[in-house]
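If you want the building blocks of each chain, they are given just below.
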Amino acid sequence: MFDDYKILLQPRYYALWQDYCHYLETGWRRFGGNLFDAPTKNEQLHFLETAVRKDFVLKNTLLSRLQKAFVAENLSLYLLLEPIQAWRYLSASKKADSESRIAEVVGKFTAPAARMLCVLNEETPSAYLPLTTMLSLDMFLNWNEWKSDWPKNFARSDKKQNEKLVGLWKNAFVLLEIVNSKRLKFKLAGLLRRQQLDIQRCSNNKQPQIDFLDRIDIFLYSLYWFIIIPKRTLKQKEM
């Protein structure tokens, strides 16, 4: 889950990001699936939240590694606690009764990951919201991979849904105008082009799949957008 986003980071953060993605994926599958009933899930969430707030006694485990890495990189443990808000909704086995509810739960899940990427790249807070949108878009594009029963009524090929995916992509595209790092801008351009291709395939009810020609296309678009899209300043935004 979100493994592709490690290219946005320096190599020394790869292990941390991989562990964090594993943490998110494990929680989503456990609390969004049917392996346990709702009371058991709630009890597990209570134990997890308690374990995050103090040093985890079991060493060499995923949570223990994350806690140590967070302390070493001066990251807030709330990045481990925030996804629990989304998992609580999943654990209650509630149905996604509206698209706004789906967006709310997904947003709570992706927001801490976006914040971590911003912090590790030393980016300004202005990149936080569009990066959250970008991560949420990836979830919608690859929904079947999350192996969760929630939501069951999500339709990828619907025309209206496709228009919303395009809208999310446009909101995320502003990242290329506001990030400070040129390296980050080029990497983001590649991920955004990949998402654009995935949206096109979803509109035709095809699974997102990148081949060799697509990789060439992604590189060329990345280079093109990197060159033509200027940095937007606070004065230009009149903020």
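Residue positions within a chain follow its written sequence, with the count starting from 1. Local features in this predicted model are restricted to residues of pLDDT 70 or higher, and side-chain atom pairs are both shown and tallied only at a pLDDT of 80 or more, whereas totals for entire chains, interfaces and linings draw on every residue. Note that water and hydrogens are dropped before the side-chain values are worked out from all heavy atoms of the structure.

Caption draft 1: Structural view of the overall build of the chain. Strands are runs of DSSP state E lasting at least two residues, helices are runs of H or I lasting at least four, and both sets are numbered from the N terminus onward. Helix and strand content of the chain: 11 helices and 0 strands. Start at the N end of the chain and walk to the C end: the helices and strands fall as α-α-α-α-α-α-α-α-α-α-α. Here the term buried applies to any residue with accessible area under 20% of the maximum for its type, exposed to any over 50%, and partly exposed to those in between, with areas from a 1.4 Å probe on protein chains only. When burial is assessed residue by residue, the chain has 47% of its 239 residues classed as buried.

Caption draft 2: Region of the structure containing the packing of helix α7 (residues 159–173) against helix α9 (residues 182–203). For the pair α7 and α9, interaxial distance at closest approach is 10 Å and the crossing angle is 175°. Considering the angle they form, α7 stands roughly antiparallel to α9. Residues Asn162, Leu165, Val166, Trp169, Ala172 and Phe173 of α7 form the contact with α9, whose participating residues are Leu192, Gln195, Gln196, Ile199 and Ser203. Each residue is assigned to one of three groups, with Ala, Val, Leu, Ile, Met, Phe, Trp, Tyr, Cys and Pro labelled nonpolar, Asp, Glu, Lys and Arg labelled charged, and all others, Gly among them, labelled polar. Broken down by class, the residue content of the contact of α7 with α9 amounts to 7 nonpolar, 4 polar and no charged. Fitting a line to C-alpha atoms yields each axis, with helices limited to the stretch in contact; the angle taken between N-to-C directions then spans 0 to 180 degrees. Here the angle decides the label: under 35 degrees means roughly parallel, over 145 means roughly antiparallel, 65 to 115 means roughly perpendicular, and every other value means oblique. In what follows, residue pairs with any heavy atoms lying within 4.5 Å of each other are defined as contacts.

Caption draft 3: Examining the packing of aromatic side chains more closely. Note on aromatic pairs: the rings of Phe, Tyr and Trp (six-membered ring only in Trp) are paired at centre separations within 6.5 Å, and the planes decide the class, stacked below 30 degrees, edge-to-face beyond 60, tilted for the rest. Applying the stated criterion across every chain yields a total of 15 aromatic pairs. Aromatic side chains Trp87 and Phe109 sit 6.5 Å apart centroid to centroid with 55° between the ring planes, which places their arrangement in the tilted category. On the criterion of sequence distance, the pair formed by Trp87 in helix α4 (residues 78–91) and Phe109 in helix α5 (residues 99–120) is long-range, its members being 22 residues apart. Phe109 carries the same exposure label as Trp87, and that label is buried. Here Trp169 and Phe173 contribute two aromatic rings whose centre-to-centre distance is 5.0 Å and whose plane-to-plane angle is 35°, an arrangement assigned as tilted. Residue Trp169 and its partner Phe173 are located together in helix α7, separated by 4 residues, close to a single helical turn. Each member of the pair, Trp169 as well as Phe173, carries the same accessibility label: buried. Joined through ring pairs, the aromatic side chains of Phe2, Tyr5, Trp17, Tyr20, Tyr23, Trp28, Phe31, Phe70, Trp87 and Phe109 make up one cluster. In this structure, Lys185 is placed above the aromatic ring of Phe226, and the distance from its NZ or CZ to the ring centre is 5.4 Å. For a lysine, the NZ atom is tested; for an arginine, the CZ atom; a charge sits over a ring if that atom is within 6 Å of the ring centre and within 35 degrees of the ring normal.

Caption draft 4: Representation of the pattern of salt bridges in the model. Definition used for salt bridges: Asp or Glu carboxyl oxygen within 4 Å of a side-chain nitrogen of Lys or Arg. This model, assessed by the stated rule, comprises 12 salt bridges. One salt bridge connects Glu49 with Arg53, and the closest N-O pair in it is separated by 3.2 Å. Here Glu49 pairs with Arg53, and both are found in helix α2 (residues 38–53), just 4 residues apart, close to one helical turn. Between Arg201 and Asp214 there is a salt bridge, with its nearest N and O atoms 2.6 Å apart. Of this pair, Arg201 sits in helix α9 while Asp214 is found in helix α10 (residues 212–228), placing the two residues 13 residues apart along the sequence. When sorted by exposure, Arg201 lands in the same class as Asp214, which is buried.

Caption draft 5: Representation of unusual backbone geometry in the model. The phi dihedral of Asn74 is positive, around 60°, even though this residue is not glycine. Classification of Asn74 by relative accessible area gives exposed; the value is 70%. With phi around 55°, Glu122 is a residue other than glycine that occupies positive phi space. Among the secondary structure elements, Glu122 is positioned in the loop between α5 and α6 (128–141).

Caption draft 6: Quick peek at empty space enclosed by the protein. With a 1 Å grid laid over protein atoms only, a set of points is called a cavity when a 1.4 Å probe fits there but cannot get out and a pocket when it is open yet has protein on both sides within 12 Å along at least five of seven lines; lining residues have an atom within 4 Å of a point. Grid points are joined across faces, edges and corners, and a volume is the space filled by probe spheres set on the points. Under the counting rule described, the total for this entry stands at 1 cavity of 30 Å³ or more. Size it by volume and the largest cavity reaches roughly 50 Å³. If you go around the largest cavity, the residues you meet are Leu8, Leu117, Cys118, Asn121, Glu123, Ala127, Leu131, Leu175, Val179, Leu184 and Leu188. Contributions of two or more residues to the lining of the largest cavity are made by α5 and α9. Of the residues in the lining of the largest cavity, the class split is 9 nonpolar, 1 polar and 1 charged.

In short, shape yes, function no, at least from these values alone.
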